[in-house]
Amino acid sequence: MPVSDFQPVIGLEVHAQLLTQSKIFCGCSTAFGAEPNRNTCPVCLGMPGVLPVLNQRVAEFAVRTGLALECTIRPTSVWSRKNYFYPDLPKGYQITQFDQPICEHGRLVIDTPQGEKTIRILRIHMEEDAGKSVHDAGGGQSLVDLNRAGVPLLEIVSQPDLRDSDEAVEYLKAMRDVLVYLGVNDGNLEEGSFRCDANVSVMPKGSTTFGQRCELKNLNSFRFLKQAIEYEIARQVDVIESGEKVIQETRLWDVNKGVTRSMRGKEDAHDYRYFPEPDLPPLHVSAEAIDAAAKALPELPRAKLQRFTSQYGLPAYDARILTAERPLADYFEACAGHYTDYKKLSNWFLGELMRLLKEEGTPLSALRFTPAQLAELLVAVDQGTVSANAGKDVLGEMFRSGKSPADIIAEKGLAQVSDTGAIEAVVDDILAKNAGEIEKYRAGKKQVFGFFVGQVMRAMKGKGNPALVNELLKKKLGD
Amino acid sequence: MQLTDLTMLELAEKLAAKEVSSEEATRASLARIQQVDPKVRAFLRVDEAGALAAARASDARRAAGSPAGVLDGVPLGLKDLFLTEGVETTAGSRLLEGFVPPYDATVVRLLKEAGLPLVGKLNLDEFAMGSSNESSAYFSCHNPWDLSRTPGGSSGGSAAAVAAREVPGALGTDTGGSIRQPAALTNTVGLKPTYGRVSRYGVIAFASSLDQPGPMTRTVADAAALLQVIARPDVQDATSSDAPVPDYSADLEAGVRGLKLGVPREYFTEGMDPEVEASIREALREYERLGATLVDVSLPHTKYALATYYLIAPAEASSNLARYDGVRFGKRAQDARSLRDVYTLTREEGFGSEVKRRIMLGTYALSSGYYDAYYLRAQKVRTLIREDFTRAFQQVDALLSPTSPVPAFKLGEKVEDPMAMYLMDIYTLPCNLAGLPGLSVPCGFTKAGLPVGLQILGRPFDEAGLLRIARAYEREHDFFRRFAPL
């Protein structure tokens, strides 16, 4: 049977680093990129005698995330120890949540070619990150950097509701958007603060019994997620085709070779010996705290996208870009309060504004002009006070200097000329100088018209009102 | 009368009256250690320089008229399970030999702030696992009342140092009786506070849900004064209680008239030494004479306590001891050629047999397939044991029992028989499972001159009640005036 006769079944475990200033069980900084072992203390080093104390922000972020993903929040959740030996695991166990996680039974809606699809969330739990082993850095030795040990993570586990690599990527993107919107995660895959594992199995189409699954570890880009899943599906189909059985194991995506390879099999799977963490009392979340968090929840990306299309009448394409990041969406809405041609506003956002932000590397928060000033510029363009092209220059200047559009137009003499007499004089002059071109035009070579427009505009340094230039040229050419 | 014969509060009085200086008292303690410790072997390490510096600082405060508290200047010993910044701390294990902690345990900080010179680190069973001090990786401690016998464990070093008048008081920790049992075997007062009353931060963990530091002293009043210093909510210990801390010395002399004292049936069964039983029975009659009413009570799940304890404590210990892997601190096996070697050889060489036995027990109890049958079931029984106590305390104000079923036994006598050793804690460990406060107070001697201890168990956070009940008995007998023959 070819691959197309098989149905892949995929579930994702997303690991998101929480945007807290300090670690989950001590006061050490979570800043990325510090000198190795700089951000450590006896607690996160797992020294003898130390005890963990929960950073309350972590629980707040978990509740916020749980509510956004429509989970049930457990009034009392329990911490557990997951025991295993590894050099970068200081205590010999990881403090995590096991059988009683803080959030359960949620959902996330994604878009697929077949329409909307709901992916069920099995659970969300909090845990501490481990450190990092650096191999062969010190003359054949392995070194351990524990800056990351104790950094708070959320693990978000989906049900195996995803059916192909595209859905998996869509889910991961949607999840990232939600977490970034909530302000709980920076969505940074490169630095590993947002990463995922994928559980992949295949079954013959029409079957209802899932095949044996393999776990693909630490996928840190959308591309690798897609590639690894597709490779793994093909591999598992091959295994089945050749009459063998897929064995349950943990596999790694080899970026260079483009294959997944076995990391450890079930036979040497860890017995983590989970048990309730005796150093931490159960975590209680009051109904009031849950209510307050629910009320404080921001509008989520998907809801905002839908509202942008309905309220502003924008095409889905525009709405998606405008709502991809919360600050951009907020800024758009601030401008929309001053300017009601929303599609035109969107065009300026998607074109000029995003280009400037990207080119100058400026964050939206550092913009030097107000939404009202941007609206003022657009009105000026609409009213013909300044041409659309000159308007772009004005925006660039606003971006750099923060001056008002009116001042810039005045200073730079960018005001558009709509005086019929002045334009007519230039048109006459250009036509007089180009008798030959007039012949061609009259002989039927209509594209010469563009040449005349260009000449007139150049002579007017771009300030001629294009509509009037066109109208006068046509009249003079006898059309 | 020598300075080292004084109790903590007697010495504190002389310090307050400026009859002696802290430096003199501390030097007296150091001299006494030098004189008797070669026989007792209570100290793993003496910090002479640190103690004298603290003593001189204390004297300076006195001279300036601003002592840090009642016990300012009174020297103290610490079980080597408490982390002391800059002073080697080993937990009685080879694995931590040479480990110099970078921070103080919360209680150590509190003691320093209260001005007590800390003279040194006291011997213990390795990682507090044992009932005789014989599992110390360094050497066994001896009972000052009979040097051929054990002082009990695991805080045996603390008990012996106090009984030998090397220090007027010490801190121990109690996971299944490790403060009370050695106190009983050495004619000292040992108090295990309510779980959460004293911070565990910086105390090397044995079994997290059971461990509790507490005072070991010669008198009840000293225990009250020392508890006053260390009982404090601690933001660094999430299991620390923020229940208000009363004045533990206030009602010490209030007596027991009108109190109902429970005598748990299950604590008076076979296996108890007849001389111990006789002493305890006599103490019960004394309480009646003093105006208390004895009430027969039942704690029906007591028979499961030992099994429950020996599932929960090793399970937690197996996890708590995983950090001793040779990677970051302590010893690392020199012959290790691979990562796995680092772990296995370091732990093979570093841990003693009792610690290994418990790690294996705990690992087994937690392993998949056995968790439900052992650990989880033990937790359920633990709840039943706790409920037994809750019911009992609806009828009575406190419970009375022997602390240890037998007086101090010979060194080497039970080493080859772990079960016999585990039975030493049979009366003390239900209290840890229930998180209750418990106290052992001297209540007599056997014909051979070995001390016997009476255990008093109370409601959560009723340390004051236990101290008051203990003091009523102590006032009648003054056993603390009898000195070990050294």
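Residues numbered from 1 in each chain as written. Chains lettered and ligands numbered in written order. Predicted model: local features only at pLDDT ≥ 70, side-chain atom pairs only at ≥ 80, totals over all residues. Heavy atoms only, no water.

**As for the overall build of chain B**
Selection rule: Secondary structure elements are taken from DSSP: a helix is a run of H or I of four residues or more, a strand is a run of E of two residues or more, and numbering for both begins at the N terminus. Computation of the radius of gyration draws on C-alpha atoms, with the globule rule given as 2.2 Å multiplied by the number of residues to the power 0.38. Any residue under 20% of the maximum accessible area for its type is buried, any over 50% is exposed, and the rest in between are partly exposed; the area is computed with a 1.4 Å probe on protein chains only. Should any heavy atoms of two residues lie within 4.5 Å, those residues are considered in contact. In this count, Lys and Arg are taken as positive residues and Asp and Glu as negative ones, while His and the chain termini are left out. Charged groups are reduced to one reference atom each: NZ for lysine, CZ for arginine, CG for aspartic acid, CD for glutamic acid.
In terms of helices and strands, chain B carries 15 helices and 11 strands. Computed over its C-alpha atoms, the radius of gyration of chain B comes to 21 Å, within 12% of the 23 Å expected for a compact globule of 486 residues. Projecting the C-alpha coordinates of chain B onto the three principal axes gives extents of approximately 65 × 55 × 45 Å. When the 486 residues of chain B are sorted by exposure, 64% land in the buried category. In chain B, of all internal contacts separated by at least 6 residues, the share reaching a separation of at least 24 is 75%. Across chain B, the mean location of the 54 positive side-chain charges is 1 Å away from that of the 60 negative side-chain charges.

**Digging into the interface of chain B and chain A**
Short version of the rule: When two parts are brought into contact, each loses some accessible area as probed by a 1.4 Å sphere; the total of that loss over both is the buried area. Between Lys or Arg on one side and Asp or Glu on the other, a salt bridge is scored when a side-chain nitrogen of the former is within 4 Å of a carboxyl oxygen of the latter. Note on residue classes: Ala, Val, Leu, Ile, Met, Phe, Trp, Tyr, Cys and Pro are nonpolar, Asp, Glu, Lys and Arg are charged, and everything else, Gly too, is polar.
Contacts between chain B and chain A engage 39 residues on the former and 30 residues on the latter. Contact between chain B and chain A buries roughly 2,700 Å² in total, counting both sides, with carbon and sulfur atoms accounting for 61%. Counting the surface chain B buries against chain A, the share from its top three residues, A238(B), R323(B) and R328(B), is 21%. For D279(A), the salt bridge identified is with R200(B), shortest N-O distance 3.0 Å. When residues of the side of chain B that touches chain A are traced back to their parent elements, those giving at least two are α9 (305-320), α10 (339-350) and α11 (353-366) of chain B. Examining the composition of the side of chain B that touches chain A, we find that five residues originate from one element, α9(B), more than from any other. Among the residues making up the side of chain B that touches chain A, the classes are represented as 21 nonpolar, 11 polar and seven charged.

**Thoughts on the domain arrangement of chain B**
All names here are of chain B. What counts here: Boundaries between domains were set according to an automatic or database domain assignment. In protein, a polar contact requires one atom able to donate a hydrogen and another able to accept it; more generally it is a pair of N or O atoms within 3.5 Å, and residues adjacent in sequence count only if both atoms are side-chain atoms.
Domains assigned within chain B are domain 1 (3-259) and domain 2 (303-380). Taken together, the contacts link 20 residues of domain 1 with 19 residues of domain 2. Note on domain 1 versus domain 2: buried area summed over both sides is about 1,700 Å², and carbon and sulfur give 66% of it. In this assembly, domain 1 and domain 2 are joined by one salt bridge. Put simply, K331 and E97 hold a salt bridge, and the shortest N to O gap is 3.4 Å. Remark: the boundary between domain 1 and domain 2 carries 10 residue pairs in polar contact (both at pLDDT 80 or more). For the side of domain 1 that touches domain 2, the per-class residue count stands at 10 nonpolar, seven polar and three charged.

**Focus on the packing of helix α14 (residues 435-442) of chain A against helix α15 (residues 448-459) of chain A**
Residues and elements named next belong to chain A. The condition is simple: Here, axes are lines fitted to C-alpha atoms. For helices the fit covers the stretch in contact, and angles between N-to-C directions go from 0 to 180 degrees.
It is the contact of α14 with α15, at a shortest axis distance of 9 Å, that shows an interaxial angle of 145°. Facing α14, whose interface residues are E437, I438, K440 and Y441, α15 presents V448, F449, F451 and F452. Its residues assigned to classes, the contact of α14 with α15 comprises six nonpolar, no polar and two charged.

**Some remarks on the side chain of S209(B)**
Residue position: S209(B) is located in the loop between β5 (189-192) and β6 (213-217). What makes S209(B) buried here is its relative accessible area of 12%. Among the polar contacts listed, one links the side chain of S209(B) to the side chain of E316(B), at a separation of 2.7 Å. Those residues in contact with S209(B) that lie beyond four places of it in its chain are P278(A), Y195(B), I312(B), E316(B) and R382(B).

**Concerning the UniProt feature "active site" (unreviewed entry) in chain B**
Residues and elements named next belong to chain B. We count it as follows: UniProt positions are given in the numbering used here, feature names are shortened, and annotations may be inferred rather than shown by experiment.
With numbering aligned to this structure, UniProt lists the feature "active site" (unreviewed entry) at K79, S154 and S178. Separation in sequence by 100 residues is not matched in space for these annotated residues, since their most distant C-alpha atoms are only 11.0 Å apart. Within the secondary structure, K79 sits in strand β2 (residues 76-79). Here K79 falls in the buried class, since its relative accessible area comes to 0%. With residues near it in sequence (within four places) discarded, K79 still touches K121, L122, L124, A128, S154, S155, S158, L171, G172, T173 and S178. Looking at K79, its side chain comes within polar contact range of the side chain of S154, at 2.7 Å.

**Remarks on the UniProt feature "domain: Amidase" (unreviewed entry) in chain B**
UniProt feature "domain: Amidase" (unreviewed entry): in the numbering of this structure it lies at residues 24-467 of chain B. Along residues 24-467 of chain B, the helical share is 37% and the strand share 13%, with 30 Å between the first and last C-alpha atoms.

**Digging into the side chain of K217(A)**
Residue and element names in this part refer to chain A. Along the chain, K217 falls in strand β12 (residues 214-219). Of the polar contacts made by the side chain of K217, one reaches the side chain of D197; its length is 3.3 Å. Residues contacting K217, with those up to four places away along its chain left out, are C196, D197, T250, R251, L252, M263 and R264.

**What about the nonpolar core?**
It is characteristic of soluble globular proteins that their nonpolar side chains tend to be buried jointly. Our working definition: Note on terminology: a nonpolar core comprises buried Ala, Val, Leu, Ile, Met, Phe, Trp, Tyr and Cys residues joined through side-chain atoms within 4.5 Å.
If you look at the biggest cluster of nonpolar residues, it comprises 130 residues, and the most contacted ones within it are L111(B), F127(B), Y287(B), F389(B) and I456(B). In this view, L111(B) contacts L76(B), L78(B), L116(B), L118(B), L171(B), L226(B), V229(B) and I230(B); residues no more than four positions away in its chain are not counted. Membership of the second largest hydrophobic core comes to 65 residues, among which are I124(A), L154(A), L172(A) and A228(A).

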